[in-house]
Amino acid sequence: MMSIALLILFLACYIFVIYVYTDKLRNEVKSYFAPTYQPLYYLGIVLPGLYLWWILREEQFIYFYDYSNYWIKSAMFRNFFYDSAVNGLRQVYHSINFDEYNYTPVVLLALCHKYIGLQFGDYIMSMYLIYAIPFSLIFTNFVLKCLPQSVAPPWKIALPYIILLFAPVLIPLRLGYIDLCGLIPISILLNIFVDSCYLRKVDIKSAVSIGLLLLVAVFLRRWYAYWVVGFFLAVFITNAVYAIRSKKLIILKNTTINLFVAGIVPLAIVLLFFYPFFEMSVLKDYSIAYAAYKGNYSWAIVATAFPSYCGNSLFIAIVVGAICLYFRQKFFLILFLLITCFAVMLFSRTADLLSFQHYYLLVPLAVYCFIFAICNPKLSKIIRYPLIALFLFNFLFVFNGSYKWRRNSKFIDNSHLEKEYTGNNALEMIRRHSLFLFSFVDAGPKFRPDVKEINRMTDTLTHLQNRGNKVYIVASSSIFNDDIVRNSQLPDINSPIFHMSPTQMIDYRDHFPNELFMANYVVVTDPVQTHMERQRFITYFNEEILRGNLSHHYQQVAEYALQDGIKAYLMKKKSGLSENEINQLYQYFRHNFPDHPQMYAIYTPALFATSLEDGDYWNPIQFVNDSTLYFSPGREHPSSMHLTFDQRSTSLQFKAGFGDSPNLKQQDGLMQQNKVFLLLKQNNKIIQKVLIDHQGNKVFNIGPLASCTLDIIVEKEQNNLEKDDFYLWDFKKH
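Quick caveat: nothing in here was measured; it's all calculated off a predicted structure.

### Points about the pattern of salt bridges
Next up, step 1: Following the criterion strictly, the structure yields 17 salt bridges and no others.
Next up, step 2: A salt bridge links Arg-456 to Glu-453, with the shortest nitrogen-to-oxygen separation between them at 2.8 Å. One end of the pair, Arg-456, and the other, Glu-453, are both in helix α24 (residues 451–466), three residues apart, so they sit about a helical turn from each other.
Next up, step 3: Given a relative accessible area of 39%, Arg-456 falls into the partly exposed group.
Next up, step 4: When the shortest N-O distance is used, the salt bridge between Arg-547 and Asp-526 registers 3.2 Å. You can see Arg-547 sitting in helix α27 (residues 536–547) and its partner Asp-526 sitting in strand β2 (residues 521–526), a full 21 residues away along the chain.
Next up, step 5: Accessibility expressed as a relative area gives 30% for Asp-526, which makes it partly exposed.
Next up, step 6: One salt-bridge network, in which partners are shared between bridges, spans Asp-482, Asp-483 and Arg-486.

### Remarks on the environment of Pro-496
Next up, step 1: Within the secondary structure, Pro-496 sits in the loop between α25 (482–486) and α26 (514–518).
Next up, step 2: Since its relative accessible area comes to 29%, Pro-496 is described here as partly exposed.
Next up, step 3: When the C-alpha atoms of Pro-496 and Leu-461 are compared, they prove to be 9.0 Å apart, with 35 residues separating the residues in sequence.
Next up, step 4: Not counting residues within four places of it along the chain, the set of residues in contact with Pro-496 comprises Thr-462, Gln-465 and Asn-466.

### Concerning the pairing of strand β6 (residues 622–625)
Next up, step 1: The pairing of β6 with strand β7 (residues 628–630) spans three bridges and is antiparallel. Across the sheet, the residue bridging to Phe-623 is Leu-629, located in β7.
Next up, step 2: Count of turn residues in the β6/β7 antiparallel hairpin: two residues.

### With respect to a nonpolar patch on the surface
Next up, step 1: A contiguous nonpolar patch, built from Phe-260, Ile-264, Leu-267, Leu-271, Tyr-275, Val-282 and Leu-283 and spanning about 650 Å² of accessible area, is present on the exposed surface.
Next up, step 2: Looking at the nonpolar patch, the elements with two or more residues in it are α15 (249–273) and α16 (275–283).
Next up, step 3: By residue number, the principal contributor to the nonpolar patch is α15, which donates four residues.
Next up, step 4: With respect to the secondary-structure elements, Tyr-275 resides in helix α16.
Next up, step 5: Using a relative accessible area of 36% as the deciding quantity, one classes Tyr-275 as partly exposed.

### Examining the nonpolar core
Next up, step 1: In this structure, Phe-517, Phe-654, Leu-678 and Ile-712 are the most contacted members of the largest nonpolar core, which totals 240 residues.
Next up, step 2: Here this core takes 18 residues from helix α8 (residues 120–146), the largest share from any one element.
Next up, step 3: Those residues in contact with Ile-712, other than ones at most four positions away along the chain, are Phe-631, Ser-639, Ser-640, Met-641, Leu-643, Leu-652, Phe-654, Leu-678, Leu-679, Leu-680, Leu-728 and Phe-731.

### A look at the sheet that holds β2
Next up, step 1: Spatial ordering of the open sheet is given by β1-β2-β4-β3, a layout of four strands whose pairing is mixed. Only two strands of the sheet have a single neighbouring strand rather than two, namely β1 (471–473) and β3 (554–561). Between one strand and the next, the sheet's axes are offset by a mean angle of 25 degrees, whatever the strand orientation.
Next up, step 2: As judged from the six bridges shared by β2 and strand β4 (residues 567–573), these two strands associate in the antiparallel manner. Residue pairing in the sheet places Asp-526 in a bridge with Lys-567 of β4.
Next up, step 3: Packing of α27 onto the sheet brings it into contact with β2, β3 and β4, and relative to β2 it is tilted by some 100 degrees.

### Observations regarding the environment of Met-518
Next up, step 1: If you trace the backbone, Met-518 turns up in helix α26.
Next up, step 2: Apart from the residues within four sequence positions on either side, Met-518 is in contact with Lys-470, Ala-606, Leu-612, Ile-621, Gln-622, Phe-623 and Leu-629.

### Topic: helix α6 (residues 85–98)
Next up, step 1: Taking 1.5 Å per residue as the helical rise, α6 with its 14 residues ought to reach 20 Å, and the 20 Å between its terminal C-alpha atoms agrees with that figure.
Next up, step 2: Within the span of α6, buried status applies to Ala-85, Gly-88, Val-92, Ser-95, Ile-96 and Asn-97.
Next up, step 3: Buried residues along α6 sit in contact with α1 (2–20), α5 (65–83), α13 (204–220), α15 and α16.

### Structural notes on the packing of α8 against helix α12 (residues 183–195)
Next up, step 1: With their axes 9 Å apart at the nearest point, α8 and α12 run at an angle of 20 degrees to one another. With respect to α12, the element α8 is oriented roughly parallel. Remark: the crossing between α8 and α12 carries left-handed chirality. Contact residues: Tyr-131, Pro-134, Phe-135, Ile-138, Phe-139, Asn-141, Phe-142, Lys-145 and Cys-146 in α8; Leu-183, Ile-184, Ser-187, Ile-188, Leu-190, Asn-191, Val-194 and Asp-195 in α12.

### Comments concerning the sheet that holds strand β9 (residues 652–657)
In a beta sheet, neighbouring strands pair by backbone hydrogen bonds and run either parallel or antiparallel.
Next up, step 1: The strand order across the open sheet built from five strands is β6-β7-β14-β9-β12, with neighbouring strands paired in antiparallel fashion. Each end of this open sheet is capped by a strand with a single partner; those strands are β6 and β12 (698–702). Each adjacent strand pair in this sheet contributes to an overall mean axis angle of 30 degrees, direction not counted.
Next up, step 2: Sheet topology places β9 next to strand β14 (residues 727–733); five bridges connect them, and they run antiparallel. Within β14, the residue paired with Lys-655 across the bridge is Trp-729.

### A word on the confidence of the model for the chain
Next up, step 1: Put simply, the chain has an average pLDDT of 86, and 89% of its residues get 70 or more.
Next up, step 2: Note that pLDDT drops below 50 for residues 402–431; the model gives that stretch 94 contacts with residues more than four away or on any other chain.
Next up, step 3: Counting interchain partners and residues more than four positions distant, the pLDDT-below-50 stretch residues 661–671 has 19 contacts.

### Here's the deal with the packing of aromatic side chains
Next up, step 1: Taken as a whole, this structure holds 73 aromatic pairs when the rule is applied.
Next up, step 2: Taking 6.0 Å as the distance between ring centres and 35 degrees as the angle between the ring planes, the aromatic pair formed by Phe-306 and Tyr-309 counts as tilted. Here the residue Phe-306 and the residue Tyr-309 both occupy positions in helix α18 (residues 298–310), the gap between them amounting to three residues, near one helical turn. In this structure, Phe-306 and Tyr-309 share a single accessibility class: buried.
Next up, step 3: On the basis of an interplanar angle of 50 degrees and a centroid distance of 6.2 Å, the ring pair of Phe-332 and Tyr-368 is categorised as tilted. Remark: Tyr-368 occurs in helix α21 (residues 363–375) and Phe-332 occurs in helix α20 (residues 330–348); sequence separation between them is 36 residues.
Next up, step 4: By relative accessible area, Phe-332 is classed as buried at 3%.

### Some thoughts on the side chain of Glu-544
Next up, step 1: Looking at the element boundaries, Glu-544 is found in helix α27.
Next up, step 2: No salt bridge is formed by the buried Glu-544; the nearest opposite charge belongs to Arg-547, separated by 9.6 Å.

### Considering the environment of Leu-164
Next up, step 1: As for its placement among the helices and strands, Leu-164 is situated in helix α10 (residues 159–165).
Next up, step 2: In this structure Leu-164 comes out as buried when scored by relative accessible area, which is 0%.
Next up, step 3: Once the C-alpha coordinates of Leu-164 and Val-46 are considered, the two residues, 118 residues apart in sequence, prove to be 9.5 Å apart.
Next up, step 4: In this structure Leu-164 touches Ile-45, Pro-48, Tyr-128, Ala-132, Ile-133, Ser-136, Leu-170 and Phe-395, once residues within four positions along its chain are discounted.

Cut-offs applied
- All chains use their own residue numbering, which begins from 1 and follows the written sequence.
- Where local features are concerned, this predicted model is filtered to residues with pLDDT of at least 70; where side-chain atom pairs are given and counted, the filter is 80 or more; whole-chain, interface and lining totals use all residues.
- With hydrogens and water stripped out, all remaining heavy atoms of the structure feed into the side-chain values.
- The working definition used for a salt bridge is a side-chain nitrogen of Lys or Arg within 4 Å of a carboxyl oxygen of Asp or Glu.
- For helices the rule is a DSSP run of H or I covering at least 4 residues; for strands it is a run of E covering at least 2, with both sets numbered from the N terminus onward.
- Throughout this description, buried means an accessible area under 20% of the type-specific maximum (1.4 Å probe, protein chains only), exposed means over 50%, and partly exposed covers the range between.
- The contact rule is simple, with two residues in contact once any of their heavy atoms fall within 4.5 Å.
- At least two bridges found by DSSP between two strands are what make those strands a pair.
- Two distance rules govern patches: like charges are joined within 9 Å, and nonpolar side chains (Val, Leu, Ile, Met, Phe, Trp, Tyr) within 5 Å, applied only to residues with over 30% relative accessible area and no salt bridge.
- Computed with a 1.4 Å probe, the accessible areas rest on the Shrake-Rupley method; for each residue, only the protein chains presented here act as cover.
- To form a nonpolar core, buried Ala, Val, Leu, Ile, Met, Phe, Trp, Tyr and Cys residues must be joined to one another through side-chain atoms within 4.5 Å.
- Under this scheme, a helix contributes an axis fitted over its contacting stretch, all axes are lines through C-alpha atoms, and angles between N-to-C directions fall in the 0 to 180 degree range.
- In a helix, the anticipated span is given by 1.5 Å times the number of residues less one.
- The scheme is simple: roughly parallel for angles under 35 degrees, roughly antiparallel for over 145, roughly perpendicular for 65 to 115, oblique for anything else.
- Here a crossing is taken to be left-handed if its near helix is turned anticlockwise relative to the far helix by less than a right angle, and right-handed if that turn runs clockwise.
- For every residue, the predictor reports its confidence as pLDDT, a number between 0 and 100.
- Centres within 6.5 Å make a pair out of two Phe, Tyr or Trp rings, where for Trp the six-membered ring is used; the pair is then stacked when the planes are under 30 degrees apart, edge-to-face when over 60, and tilted otherwise.
- Under the convention used here, Asp and Glu are negative, Lys and Arg are positive, and both His and the chain ends fall outside the count.

The following block contains the structure:
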């Protein structure tokens, strides 16, 4: 009950803020409609969302990567918040500080998910209700404040509908992106900015409010920081120019004071309460982490792709609106242009502006100009009505539910598709669609022809994981990747397959795939499946395991026919790598990535192990550092490590204990009375069985091991049902 009460309180506060910043719109609605019809007006705003929900009801698709990221976050937040509201809020705070994708955007969705549901269509509908509708209402209010005489009276009340039917507003949302949430605080900020006379008078209250709203936008989605910086620079420049031209330098002084306050307030909050967030967002070099997403065409892509993304008919209207605004209401046009240019320029230093959600940086400018073009009272009906028809048809063309119009089962999204649509070849894809009258985006329902085959694979992998086996997938394309398998059971996040190790895929950003060699079973593809050019971890290991130098370590156990003629193969690991093979891998990746140690940070025990099997109930086997394995036994099933030694091997040495290694920190709340049995089997015969407790670590030196197999098995002492934080470390193979 406390969880529901808190969510109702949060929503009540949110609705109150929306109510406050829609005063102009409410007055227009009251003046145009009788009280009886006003509820119908507001209910009508829900219709585009219901249409999206309707076309998704029979979709057969598996969402992955960023498309599903916040769908998963929503399911996770719902689970732990309804279990404990206090713990849920702690999780939100922790995620802001430490997670790339935090829980803040999904908090307001939780109540909808409880009563509407959490299928993908329900998730889209929840985002529409909580973020799309408020954005349309608040941004309309802003337009009515700054363009009171420039919008024809009947069109003023139509503005929320126009915004919601403007395809670039809903395209990312329909595909699963939650990033529209960041435009809510930005829209409120714009209302305050107009009310404060553009910050040209000292107004500490407005400055503090603007600063807090900018911080909220960044907390919701961190990349809105580029828009925030653009806002500060654009406001200072436009007000400085105005002050110089009007010879009122006091305006420049007042603007500086207001911007200083608007900047120092969120900065102080971040440094005092969210310093890890500051380190992660400001001090981390994302240009290296996202180097694979960086080409040389950011401005060309924006200039060429955005018109095709909107639809060239809409883009022409946006340009016409911008030209008309320049001659009639140029201040906000110039302000939005400067903000957008600065935001894109800063963003392009890290990565190319490729993903659809990042186009929200351009949406305020685009919507503002389009509204002026379509609602200009001086616009001829001969032009307006055909323009409206094109605008509405563009919406239907993008979000169509017709089987006849359905074009393919893939996303046309530069950032998450095949190699020919990414990196240096992205412009080629854009040129192919540059003459589209309507948007090139197919955001209608998706239908994979191989869903049953994916589900068959998922069932097999789930069965293997239930038996303690580890699974790893060497693929990352939009047709097949680890996320597609992991998410095939969504919104169920309790399936064992959901906790499968993530694929290391991006050069420079990710680390050497030790998880691949910890896995008993590996899935590879023919041809190799990548979604960009620089993915050595995928291309190299896929080929080596399938038909290269590592193929003799694996045996094919199953084959799956995926769409577009792609074959996926389930391979069982037969043996571990030799010292020579491990050294060759090390030298290969160190030679290609000498300045990035994580690219060749090989955890040796993982590579020479033939297989690792997790115990039941507790945490899986995992690496703590390059030489230490967390090896907690299960309640009923022990954890085990199987190794194969060649003729040149002589012995193996390692240490075992309850976390007393100098490389480990003591775990909180260790049960000092816990004990485990460590069994060693050589060629399936028990050679040692040792009871280990917290009194001290044990050093094991086993040999000779030439042409032998060795099993290291850790099982619980009888009648001990507590979790054992047990470790193996300092492996030395001779």
